[in-house]
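# Understanding the architecture of this molecule
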Amino acid sequence: MYHRCRTAPSEVRFRLRREAFFGCCKCGNPLIENAHIIEYPITKQFPIEDMLALCPNCHTEADLGYYPKFVLRDLKQNPFNKNKRYLQKRFVVTGEKLIINTGSSRFINTERIFTINDFDLVSITRKEGLYLSLNINLFDKYNRLIALIYDNFWIVDRSYLWDVEYKPQHLILRKKSRDIVLDIQIKNEEIFLRGNLYYNGFLIPIKPQNMSIGGVTIRNFTIENAGGGISIQVPQYRPRIY
Ligand SMILES: [Zn+2]
């Protein structure tokens, strides 16, 4: 059994992300992990020339031996996001403004979307005027951090089973219970975000019509060129005693 290693030094991780143009080398999924072409238990090191950025699904396929090493090396040299054939399928926004739609509200050039108790729950930035970089914290209803997207790196507690679905320009994260946790889609050069997030035990449903945080329903407003989007204070989480 091949054990994944997720502790590559940050310099290695960011160089892998850059050379992959901020997505999986195989399919362009913006969620990436560090994959080893020469298995980590053999090298016990992080030689960047023997590593590449893959999404969780392609990484699993690589671990299962679906791709010979020469294929992985070719993907590293010619990642999806660099391939001109896939220009229209990349997870990028090329327009002048970065527009994020959530629950009928619009965040224009406002990267920090939800700040709760001064904690950034969701922020989406653009790198090199094109590639989207996601920073999202996913908690469960017991206020446990169950997954983290950190500058597109997918860092997850393996005791939770996740279903990561990616079609061009559309990322859907589900827990194995089938609950959709997060849905991010690019349509007509704009980002549409839906899902069911949690913070401090509060459910934050983000639907096409509205979203609500801590009993406050938010709809139909626009924030433009702001340092921060929605900032809300909610009570500290208190575990329920059964
Ligand atoms: Zn992939």
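Residues numbered from 1 in each chain as written. Predicted model: local features only at pLDDT ≥ 70, side-chain atom pairs only at ≥ 80, totals over all residues. Heavy atoms only, no water.

### Structural notes on helix α4 (residues 69-77)
For clarity, the threshold we go by: Note on classification: 1.4 Å probe, protein chains only; a residue is buried when its accessible area is under 20% of the maximum for its type, exposed when over 50%, partly exposed between these limits. Segments assigned H or I by DSSP are reported as helices when at least four residues long, segments assigned E as strands when at least two residues long, and all are numbered from the N terminus. Working definition: the arc comes from the directions between the helix axis and the C-beta atoms, pointing outward to the latter. Whether two residues are in contact is decided by their heavy atoms: any pair within 4.5 Å suffices.
Among all positions in α4, only Leu72, Leu75 and Lys76 are buried. End-on view of α4: buried residues confined to an arc of 100°, all on one side of the axis. Across α4 from its buried face, at more than 90 degrees, point the exposed residues Phe70 and Gln77. Contacts from the buried residues of α4 go to α1 (10-19), β2 (51-54) and α3 (56-63).

### What to know about the coordination of the zinc ion
Going by this rule: A 2.8 Å cut-off from the metal defines N, O and S donors, relaxed to 3.2 Å for Na, K and Ca; water is not in the atom list, so some sites may appear incomplete. Only two sets of limits are used to name each site, 85 to 135 degrees for every angle of a tetrahedral four-donor site, and over 155 degrees for opposite donors with all other angles from 65 to 115 for a square planar four-donor or octahedral six-donor site, with any other site named irregular.
Within the protein, the zinc ion binds to Cys24 (SG), Cys27 (SG), Cys55 (SG) and Cys58 (SG); these donor distances fall in the range 2.3 to 2.4 Å. Around the zinc ion, the four donor atoms are arranged such that angles at the metal cover 103 to 115°; this shape is classified as tetrahedral. Binding-site remark: the zinc ion is held by donors from one chain whose sequence spacing is C-x2-C-x27-C-x2-C. Residue cysteine 27 is classed as partly exposed on the basis of its relative accessible area of 22%.

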